[in-house]
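One letter stands for each residue in the lines below.
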Amino acid sequence: MRILVTGGTGYIGSHTVLTLLEAGHDVVVVDNLVNSSPEALRRVGELAGREAVLVEADITDEAALDTVFSEHSPEAVIHFAGLKAVGESVQIPLDYYFNNVAGTISLLRSMERHGVRTIVFSSSATVYGEHNPSPYVESMEIGAMNPYGRTKEQIEDILSDLGASNPDWRIALLRYFNPVGAHPSGRIGEDPQGIPNNLVPFIAQVAVGRREKLMVFGGDYDTPDGTCLRDYIHVVDLAEGHVAALGYIAEHGGVHRWNLGSGTGTSVLEMHAAFEKAVGEPIPYEIAPRRAGDLPAFWADPAAALADLGWSTTKTVDEMCQDHWRWQKDNPKGYSPA
Ligand code: NAD
Ligand code: WQD
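Procedures and definitions
- Residues numbered from 1 in each chain as written.
- Chains lettered and ligands numbered in written order.
- Predicted model: local features only at pLDDT ≥ 70, side-chain atom pairs only at ≥ 80, totals over all residues.
- Heavy atoms only, no water.
- UniProt positions renumbered as here; feature names shortened; annotations may be inferred.
- Helix = DSSP H or I, 4+ residues; strand = E, 2+ residues; numbered from the N terminus.
- Phe/Tyr/Trp six-rings, centres within 6.5 Å; stacked < 30°, edge-to-face > 60°.
- Buried < 20%, exposed > 50% of the residue type's maximum accessible area, 1.4 Å probe, protein only.
- Lys NZ or Arg CZ within 6 Å of the ring centre and 35° of its normal.
- Near = heavy atom within 4 Å.
- Polar contact = N/O pair within 3.5 Å; in protein donor to acceptor, adjacent residues only side chain to side chain.
- Areas by Shrake-Rupley, 256 points an atom, 1.4 Å probe, with all protein chains shown as cover.
- Contact = heavy atoms within 4.5 Å.

Undergrad: I tried to follow the UniProt feature "domain: NAD-dependent epimerase/dehydratase" (unreviewed entry) in the protein on my own but got confused; where do I start?
TA: Here the UniProt-annotated "domain: NAD-dependent epimerase/dehydratase" (unreviewed entry) positions come out as residues 3-261. With 41% helix and 20% strand, residues 3-261 has end C-alpha atoms that lie 24 Å from one another.

Following this line, the structure appears as structure tokens:
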């Protein structure tokens, strides 16, 4: 298939583009490079032995998207492009609603004009909010807790309405849990700008000497070791979930929702210990106050993805840390020249 990947130079996008190229698909990427480097796609081309086309454009620019659809005739879209920092979304909500929600509307309008009605969308476990018990099941009522999460919820609503309006639409809403790790080659991985918001990139930067120590946000939660539990998923497993979802919606019309997670909760201290094991050296940390907005524990029920897609996670927390560490050690400054 010819596939348009928005946000394809980013962390999850670059790994998915590689998986798509390896599966024999042709890929055109649209990315405005606001949070990524074209070097990621160059390396994906090296690993795959063939290139994806990169078009530097903003998804809010409908004219630019129309040109991409006319010139490249994609048959399906995988839509990663978006802003994703929860704290920043509270500070600048309009930027988040415009970029994520208006950007998606612009993409969908352009898709309609070109008769392309197959889309896989990057949603998030964050849409389950604070009232649902774990494991989260796709049928639960959702209710995000912050502007970032609400952009995901609103986009899910828009896509559901679109699916209801015309049976030609084929829509996959993928709710990712906590993606970590990197391609086992160590050539592509997550390259956060500034201070990392997320746990594993922060631990990795402490391990490589870019930061002094990890602050563990809260040691007094009602969990086995007092720290929060999350469902971590290796980014390569996640990338494969997209190919599986695309295959499913090619055969089945309508709107489908799947959790992409492992079904297991891992604590902050367990993740820290697994990373220390991967590095082979102690990684300094300190228990710090809780971070506002954190839930104590959540994880996926991944049964629907297994039943419908034949997909489940294959990689352990140890592999996530080993691969993340290989990427960080080989690329201490990410894609910037060392
Ligand atoms: P990322 O920031 O690495 O990738 C997003 C890409 O989109 C970047 O390359 C960025 O330059 C691009 N982009 C942003 N706005 C754009 C616009 N207006 N036009 C064109 N390109 C634009 O993030 P990621 O971790 O790879 O996440 C990919 C998607 O998955 C996002 O939608 C994110 O919300 C979602 N998601 C991520 C996580 C996570 O923890 N990483 C979890 C759940 C969902
Ligand atoms: C994991 C655990 C922290 C950093 C976020 C978004 C969510 C989704 C994934 C996009 C928590 C603790 C973290 C640190 C720490 N993104 N922690 N010290 O919060 O589960 O999810 O990313 O959709 O929407 O909210 O992930 O990696 O930030 O945190 O102790 O320096 O690690 O408190 O318990 P989170 P995270």
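Undergrad: Would you take a moment to explain the packing of aromatic side chains for this structure?
TA: Each aromatic ring pair is characterised by the separation of its centres together with the angle its planes make. Enumeration according to the criterion identifies seven aromatic pairs in this entry. With a centroid separation of 6.2 Å and 45 degrees between ring planes, the pair formed by tyrosine 136 and phenylalanine 177 is classed as tilted. Residue tyrosine 136 is found in the loop between strand 5 (118-124) and helix 6 (147-165), and its partner phenylalanine 177 is found in the loop between strand 6 (170-176) and strand 7 (178-180); the two are separated by 41 residues along the sequence. Taking the centre distance of 4.9 Å and the plane angle of 55 degrees together, the rings of tryptophan 327 and tyrosine 335 count as tilted. Accessibility assignment for this pair places tryptophan 327 and tyrosine 335 in one class, buried. Chaining the aromatic ring pairs together yields one cluster made of Tyr128, Tyr136, Phe177 and Phe298. The residue whose ring lies beneath arginine 290 is tyrosine 221, and the NZ or CZ to ring-centre distance is 4.0 Å.

Undergrad: Teacher, can you tell me more about the site of ligand 2 here?
TA: Close to ligand 2 lie 19 residues, the nearest being Ser124, Tyr148, Met215, Arg230 and Asp294. One of the backbone nitrogen or oxygen atoms of phenylalanine 217 is found 2.8 Å away from an oxygen atom of ligand 2. Interatomic distance of 2.6 Å between a side-chain N/O atom of aspartate 294 and an oxygen atom of ligand 2. Contact with the protein chains removes 88% of the 690 Å² of surface that ligand 2 exposes when unbound. For the shell around ligand 2, the elements supplying multiple residues, two or more each, are helix 7 (199-207) and strand 8 (214-217).

Undergrad: How do you make sense of the side chain of threonine 223 when you look at a structure like this?
TA: Note that threonine 223 resides in the loop between strand 8 and strand 9 (229-230). Taking relative accessible area as the criterion, threonine 223 reaches 13% and is therefore assigned buried. Reaching out from threonine 223, the side chain makes a polar contact with the backbone nitrogen of glycine 226 at a distance of 3.1 Å. There is a polar contact of 2.7 Å between the side chain of threonine 223 and the backbone oxygen of threonine 227. Non-local contacts of threonine 223, meaning those with residues more than four positions away in its chain, are made with Leu229 and Pro296.

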